[in-house]
Amino acid sequence: MTGVALRIETCGKTFADATRALEPVTLTIAPGETVVLLGPSGCGKTTLLRIIAGLETPDRGGRIVFNDKDVTHVPIERRNVGMVFQSYALFPNMNVAENIGYGLKIRSVNASERKKRIAELIALTGIEGLEHRRVDQLSGGQRQRVALARAVAVQPSVLLLDEPLTALDAALREKLRGELDRLLRALGITTIYVTHDQSEAMALGDRIVVMRKGAIAQVGTPRDIYFAPENRFVAEFVGAANIIEAVCEGGALVLPGGALPLANGTLDGPAFAMIRPEAIKLVAAGGARLHGRVDSVSFVGDRQRASVGGAAGKPILVDVPNTMAVSVGDKIGLSVEPGAIRLLPGDPT
Amino acid sequence: MRERAIFAAQLLFTLLVAGFLIIPALLSILAGVTANYFRGIRSGLTLQWVLQVWQLYDDTIFRSLLIAISALAVTLLVGIPAAYGLHLRGDRLSRAVEEIITLPLAIPGLAIALALLLTYGGFGSFRGSWLFILAGHVVFTLPFMVRSVMAVFATTDIRSLDETASSLGASPWRRFLDVIVPNVRPGILAGSLAVVTLSLGEFNLTWMLSTPLTKTLPVGLADSYASMRLEVASAYTLVFFVMIIPLLVAMQIFSGSRSGPMGARR
């Protein structure tokens, strides 16, 4: 099955009580692509998903286009979208097979065909043996699979997932994330996935749309978003980041504890620099270009997270290998590859 | 020893209270099948009074049933979509509407009847028909249907169920039948029993709204108390009991089982 190209054109949303939930957003999504809408609660990601679904109408001027067909005014029941909600919303009055087959029944698919398709989906989502279970007898993970099977049963043009893993515990979430990723790639359905969990976004998205206060903060591949955030919000929301206020001078970032060479040496003046904790190395104080003092160390298993004072205007977080001996009060040097320093616009957004 | 004495005292008290409440009902039923109440049970048991009630008042019984079933039909048709709409909107306006619908519960039936009479009393054929009483009963029973359905909506994520069904291609009507109604069945059932029982027993409103040709069972009952032999009035009560008690029992069984199978579904 081939995916549908999706175009969102200047879709904003102002609710009846004049709350501005979404600034006009424009976004093009390729057939079969999985795009993750990532952001804190209230950033407008769910509103955008609901506009794509047809559960909300965009403000005047907004358009939703599926494969060159304008569906802005097509009601949800004729848009052919698949939806999975955080609560799964399985129909309590139907068993697992009836839930999965509901969309097919609505489309008047005959009983034998329906049965065949339900069996395929049950196998695809790995819930064999549960066909006749009532939905209240399912575990969280099983519910999630049923909801997904039901949504893809109708071969939707677009699959819309609203925090589908949030209701599950951490271990199960990680397992299902992998399954979901394989399934989405196998099906090739154009997918919009809403989450506030950055690791989910990284793992599942071909592209991530980071949203903030009803507007798009950045669109890019997981690597773009992580390594090359365009603004401070994205840098801080996705992963851990040191945002350092400093001055660029002579091809280096000048800090109280020394200077770090920059990849682009032509910039001069005050700047915000972002450095990920894992991009900083603790080295011997002698010969290092930046010096500091270890203020605290916490061991978190796969690594240690140290806070280093005196190097910049505020403490710098550094990821230290878990076997390295480091203790509070150590005078140390810090080394950073020039390419790992990202200069951000001065504006805090 | 002391515990036994306390238990005996409690039991005695309970039996006295129960007797105080139950004996009048039993006496009333007994009076309805006694040949001559003043001579007591020695005069013999008879069904003649029940038969006489049937001959004199059978129209009130059928009318009461007709009105109760019609009131149920109207409250189902109006109440469920209303509850659905109010739940989906869930804003200040819908809360105000809910309050307004509930208002008739706090207003004496006589006042509602008076208002209906003032407004529609001039429409002769409407005023003189059983439909006029039906209107009063719908005003009075609608809140019970709306509230009991809304109570179920409040505990079910009906909005997500509805939206999911719509994403799967179901039209609003189809969703209503396939998803909404089956999942609020407990509320609908509880509301229906409340509507039927309340309508069958309603006197205040009905007494004002009825005409001599459109008497309902409770109005007929008042009439027979005022103008008939005590035995006839009692037999009439017996007929009313026979009609209403199965409904009350059904209501009780139902409200007991609500926390069972449906509760487990959540």
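Residues numbered from 1 in each chain as written. Chains lettered and ligands numbered in written order. Predicted model: local features only at pLDDT ≥ 70, side-chain atom pairs only at ≥ 80, totals over all residues. Heavy atoms only, no water.

Peer 1: Requested: an account of the interface of chain A and chain B, with residues and values cited.
Peer 2: Taken residue by residue, the interface counts 23 residues in chain A and 24 residues in chain B. For the pairing of chain A and chain B, the buried interface totals around 2000 Å² over both sides, and the portion due to carbon and sulfur atoms is 55%. If you look at where chain A meets chain B, you find two salt bridges. Two residues, R50 of chain A and E163 of chain B, come together in a salt bridge whose shortest N-O distance is 2.6 Å. The interface formed by chain A and chain B contains seven residue pairs in polar contact (both at pLDDT 80 or more). Every element with two or more residues in the side of chain A that touches chain B is listed here: β6 (81–84) and α2 (96–106) of chain A. Ranked by residue count, the leading element in the side of chain A that touches chain B is α2 of chain A, at four residues. (Contact = heavy atoms within 4.5 Å. Buried area = accessible area lost by both parts, 1.4 Å probe. Salt bridge = Lys/Arg side-chain N within 4 Å of Asp/Glu carboxyl O. Polar contact = N/O pair within 3.5 Å; in protein donor to acceptor, adjacent residues only side chain to side chain. Helix = DSSP H or I, 4+ residues; strand = E, 2+ residues; numbered from the N terminus.)

Peer 1: Go over the nonpolar core, please, and point to the residues and values.
Peer 2: Residues and elements named next belong to chain A. Residues I8, I52, I64, F66, Y102, L160 and I192 are the most contacted members of the largest nonpolar core, which totals 93 residues. Among all residues touching L160, those that are not within four sequence positions of it are L49, I52, A53, V81, G82, M83, V84 and I192. I127, V135, L180 and Y193 belong to the second largest nonpolar core, which has 42 residues in total. (Core = buried A, V, L, I, M, F, W, Y, C linked by side-chain atoms within 4.5 Å. Buried < 20%, exposed > 50% of the residue type's maximum accessible area, 1.4 Å probe, protein only.)

Peer 1: Help me get a handle on unusual backbone geometry, residues and values and all.
Peer 2: Residue and element names in this part refer to chain A. In this structure, A18 is a non-glycine residue whose phi angle is positive, near 70°. Along the chain, A18 turns up in the loop between β1 (6–14) and β2 (20–29). Look at A18 and you get exposed, because its relative accessible area is 59%. Even without being a glycine, Y88 presents a positive backbone phi close to 70°. If you trace the backbone, Y88 turns up in the loop between β6 and α2.

Peer 1: Lay out the sheet that holds strand β7 (residues 158–162) of chain A in plain terms, naming residues and giving numbers.
Peer 2: Residues and elements named next belong to chain A. Spatially, the six strands line up as an open sheet ordered β6-β7-β8-β3-β9-β10, and their pairing is mixed. In this open sheet, the two edge strands, each paired with only one partner strand, are β6 and β10 (215–220). With strand direction ignored, the average angle separating the axes of adjacent strands in the sheet is 15°. Alignment of strand β3 (residues 34–38) against strand β9 (residues 207–212), held across four bridges, turns out to be parallel. If you follow V36 over to β9, its bridge partner there is I208. The sheet contacts of helix α5 (residues 170–187) involve β3, β7 and β8 (190–195), and relative to β7 the element is tilted by about 165°. (Pairing = 2+ DSSP bridges. Axes fitted to C-alpha atoms, helices over the stretch in contact; angles between N-to-C directions.)

Peer 1: Pulling in residues and values, what's your account of the pairing of strand β13 (residues 258–261) of chain A?
Peer 2: Residues and elements named next belong to chain A. Note: strand β12 (residues 252–255) against β13, four bridges, orientation antiparallel. Bridge assignment links A252 to a residue of β13, and that residue is P261. In this structure, the hairpin formed by β12 and β13 is closed by a connection of two residues.

Peer 1: Any chance you could break down the pairing of β3 of chain A for me, citing the residues and the numbers?
Peer 2: Remark: a regular strand shows side chains that alternate across the two faces of the sheet. Residue and element names in this part refer to chain A. With five of five residues buried, β3 is to be regarded as a mostly interior element. Of the two faces of β3, both are covered, the one formed by T34, V36 and L38 as well as the one formed by V35 and L37. Bridge count between β3 and β8: five bridges; the pairing is parallel. For L37, the partnering residue across the bridge sits in β8 and is V194.

Peer 1: Please set out α2 of chain A residue by residue, giving values where relevant.
Peer 2: Of all eleven residues in α2 of chain A, nine are buried, a share of seventy percent or more. In this structure, the buried side of α2 of chain A is in contact with α3 (111–124) and α4 (140–153) of chain A together with α7 (158–167) and α8 (172–183) of chain B.

Peer 1: Describe the confidence of the model for chain B, listing the residues and the values that go with them.
Peer 2: Residue and element names in this part refer to chain B. Residues at a pLDDT of 70 or more form 95% of chain B, whose mean pLDDT is 85. The spread of mean pLDDT over the elements of chain B runs between helix α12 (residues 230–265), the lowest at 72, and α7, the highest at 92. Considering only residues more than four positions removed or in separate chains, one finds that residues 258–266, a stretch of pLDDT under 50, has 15 contacts. This prediction of the complex comes with two scores: 0.78 for pTM and 0.83 for ipTM. (pLDDT = per-residue confidence, 0-100.)

Peer 1: Now, about the sheet that holds strand β4 (residues 63–66) of chain A: what can you tell me, with residues and values included?
Peer 2: Strand order in the open sheet formed by four strands is β2-β1-β4-β5 (chain A), and the pairing between neighbours is antiparallel. Of all the strands in the sheet, the pair left with one neighbour each is β2 and β5 (69–70) of chain A.

Peer 1: Run through a nonpolar patch on the surface, naming residues and quoting values.
Peer 2: All names here are of chain B. Nonpolar side chains collect at one region of the surface, where I23, L27, L30, Y37, F38, I41, L45 and L230 lie side by side and expose about 800 Å² of accessible area between them. Listed by contribution, the elements that provide at least two residues to the nonpolar patch are α1 (2–32) and β2 (40–45). Ranked by residue count, the leading element in the nonpolar patch is α1, at three residues. Structurally, L230 can be placed in helix α12. (Patch = residues over 30% accessible without salt bridge, like charges linked within 9 Å, V, L, I, M, F, W, Y side chains within 5 Å. Areas by Shrake-Rupley, 256 points an atom, 1.4 Å probe, with all protein chains shown as cover.)

Peer 1: Tell me about the environment of S43 of chain B, and name the residues and values.
Peer 2: Tracing the backbone shows S43 of chain B in strand β2. Dropping the residues within four chain positions of it, S43 of chain B is found in contact with T34, A35 and N36 of chain B.

Peer 1: Can you break down the pattern of salt bridges residue by residue, with the values?
Peer 2: Oppositely charged side chains may form a pair once their charged atoms are brought near each other. Counted under the stated rule, the structure contains 30 salt bridges over all chains. One network of salt bridges, with partners in common, ties together R7, E9, R63, D68 and D70 of chain A.

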